[in-house]
Amino acid sequence: MVSNAVNSLSPLPWQHDPWRNLTEQHRQSRPAHALLFVGARGLGKRHLATALTYWLLCQQPQGQPPQACGQCRSCRQLHSGVHPDVQHIAPEAADKPLKIDQIRGLSEFMQHSSQFGAYRIALLDSAERLNPQAANALLKTLEEPPAQRLMILVADGVAGLPATVRSRCQRLNFSRPASEQALSWLRSQWGQHSQSFPADATPELVLSLAGGAPLRALAMAHSEELTQRRECFTDYQQVIHRRLSPDQWANRWAKQPQIGEWLLTWQQDMIRLKLCQTPPPRLAHPDLAESLRQLSHRLPAERLFAQLQAIETLPRLLSAPVNVPLQLAALLSRFL
Ligand SMILES: [Zn+2]
C-alpha cells in the first residue's frame, strides 16, 4: 500500500468530513462497493484510500471518529505490504496505461473469499489511465460485485475514465484545503525532515509551487525539483539575454518532466506582475518575483499574452511523437 513518512492510520486534517461520511456509511451497513477518488495530485487521495483500508481490515478499530489501531495482525500485515486481502495495482511506468492483464488478475482476486472473514479491497491507482480493454474488463467486476468487496479507484482526473465505469462508483471529489490549514500541516511535517531540504525551501514556497496541494509540496521539498527549477530559470534568463542559445537550453532541459509547467507558470507570473503592481500579486514562484518582474518589463502585455498562448500549446505538441528538444527550442526562438 501507499506509504510515506505521514501517518497512514488517520485521515489528513482537511479530510475529516469525507472520513466521517465514509466510516458512517459502513457503520450503517450501507457501504458502496466501489469508490472513485478524484482530484489533483498531492491532495491526499491515496492517503485516504490507505487509511480506509487500514480501518476496514483492522481487528480492533478505536476512537471517535474511528481509525485503525496500528497494532493488530491486520494492521501489521498492511504496514509490511503483505496483507492477503488487499491488492494494489498501478501503471507499470509513468507514461504507461493500466492493462487488461492487471484488471483480469484483480477480478480474479476479488472473486475469492477474504482470508480473515473481513473485506477484500482493491486499490486501482491512476484509474484515468485504464486502456479501453482494461476498462471493459473492469466493468464486469463492477457490475456483479460479491459481498464484502471494495474497489477504490484513484484518479487525478476523469477525462480518460469511461462514463460506464464512473457511473458504477460512488465519487468523492478532492479539493485544495484552505491555505492556512495546508501550511499548518506542512509546518508540522517540516521539523522532522527540514535538515535534508534545500536551504531556500520553506512551507510557504513549496505550497505555492505545488498549487496548494500539501502532499505534492512535501514531496517537492524532498526532491531535487526546487534546485532544478532555479537552475532551469537561470538558464532561461540567459536565453532571453542571448547568452545561451534556445538549442542549448532545450537540450539541457527537455527531459525534465516539469518543464512545460514551469514555462507556463513563469509566464503567468510575468503577466500578473505586468498587470498588477500594487498590491503585489500572488505568484506561483514568489522567490523569483524580482527576476520575473524584470523579464515582464521588457515586453508589452500583448506580447506576454501571445507567448502564453504559444506555451499553452506545448502539452499537445509534446504528446505527439516529436523531437522534444527541437520543439522547445523552436518555441523559445519565437520569444527572442
Ligand atoms: Zn488494527
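Conventions we followed
Residues numbered from 1 in each chain as written. Predicted model: local features only at pLDDT ≥ 70, side-chain atom pairs only at ≥ 80, totals over all residues. Heavy atoms only, no water. Helix = DSSP H or I, 4+ residues; strand = E, 2+ residues; numbered from the N terminus. Core = buried A, V, L, I, M, F, W, Y, C linked by side-chain atoms within 4.5 Å. Buried < 20%, exposed > 50% of the residue type's maximum accessible area, 1.4 Å probe, protein only. Contact = heavy atoms within 4.5 Å. Domains from an automatic or database assignment. Axes fitted to C-alpha atoms, helices over the stretch in contact; angles between N-to-C directions. Parallel < 35°, antiparallel > 145°, perpendicular 65-115°, else oblique. Left-handed = near helix turned anticlockwise from the far one by under 90°. Nonpolar A, V, L, I, M, F, W, Y, C, P; charged D, E, K, R; others polar. Polar contact = N/O pair within 3.5 Å; in protein donor to acceptor, adjacent residues only side chain to side chain. Phe/Tyr/Trp six-rings, centres within 6.5 Å; stacked < 30°, edge-to-face > 60°.

Chemist: Break down the environment of Ser179 for me, citing the residues and quoting the values.
Modeler: Residue position: Ser179 is located in helix α7 (residues 179-193). Remark: the alpha-carbon pair of Ser179 and Ala213, spanning 34 residues in sequence, is separated by 9.2 Å.

Chemist: Account for the nonpolar core, with residues named and values stated.
Modeler: Counting 32 residues, the largest nonpolar core has Tyr236, Trp249, Ile259, Leu263, Trp266, Leu328 and Phe335 as its most contacted members. At the level of elements, α10 (225-240), α11 (246-253), α12 (259-275), α13 (289-297), α14 (301-312) and α16 (324-333) are the ones that each hand at least two residues to this core. The element best represented in this core is α12, accounting for seven residues. Not counting residues up to four positions away in its chain, the partners in contact with Leu263 are Tyr236, Trp249, Ile311, Leu314, Leu328, Leu331 and Leu332. In terms of nonpolar packing, the next biggest core, distinct from the first, is built from 30 residues, Leu52, Ala68, Leu123 and Ala213 among them.

Chemist: Give a detailed account of the domain arrangement of the protein, specifying residues and quantitative values.
Modeler: If you check the domain split of the protein, you get domain 1 (13-173), domain 2 (179-223) and domain 3 (233-333). Taking only C-alpha atoms into account, the centre of domain 1 sits 39 Å from that of domain 3.

Chemist: Now, about the packing of α12 against α14: what can you tell me, with residues and values included?
Modeler: It is at 10 Å that the axes of α12 and α14 come closest, and there the two elements cross at 160°. Taken together, α12 and α14 sit at an angle that is classed as roughly antiparallel. Remark: the crossing between α12 and α14 carries left-handed chirality. Where α12 approaches α14, its residues Gly260, Leu263, Leu264, Gln267, Gln268, Met270, Ile271, Lys274 and Leu275 are matched on the opposing element by Ala301, Leu304, Phe305, Gln307, Leu308, Ile311 and Glu312. Taken together, the residues of the contact of α12 with α14 sort by class into 10 nonpolar, four polar and two charged.

Chemist: Let's hear about the side chain of Ser114: which residues, and what values?
Modeler: Mapped onto the elements, Ser114 comes out in the loop between α4 (100-111) and β3 (120-124). At 3.2 Å, the side chain of Ser114 forms a polar contact with the side chain of Asp85. At 3.0 Å, the side chain of Ser114 and the backbone nitrogen of Ala118 are in polar contact. Excluding residues that lie within four positions of it along the chain, Ser114 makes contacts with Asp85, Tyr119 and Arg120.

Chemist: Just give me the short version of the packing of aromatic side chains, but keep the residues and values in it.
Modeler: Within a pair of aromatic rings, the relevant descriptors are the distance that separates the centres and the angle that separates the planes. Enumeration over the complete set of coordinates arrives at nine aromatic pairs. Ring centres 6.3 Å apart and planes at 25° place the aromatic pair Phe233 and Tyr236 in the stacked group. Here Tyr236 and Phe233 lie together in helix α10, a separation of three residues that amounts to about one turn. According to the relative accessible area criterion, Tyr236 is buried, its value standing at 2%. On the numbers, 5.3 Å between centres and 45° between planes, the contact of Tyr236 with Trp266 is tilted. In this pair, Tyr236 is assigned in helix α10 and Trp266 in helix α12, connecting sequence segments 30 residues apart.

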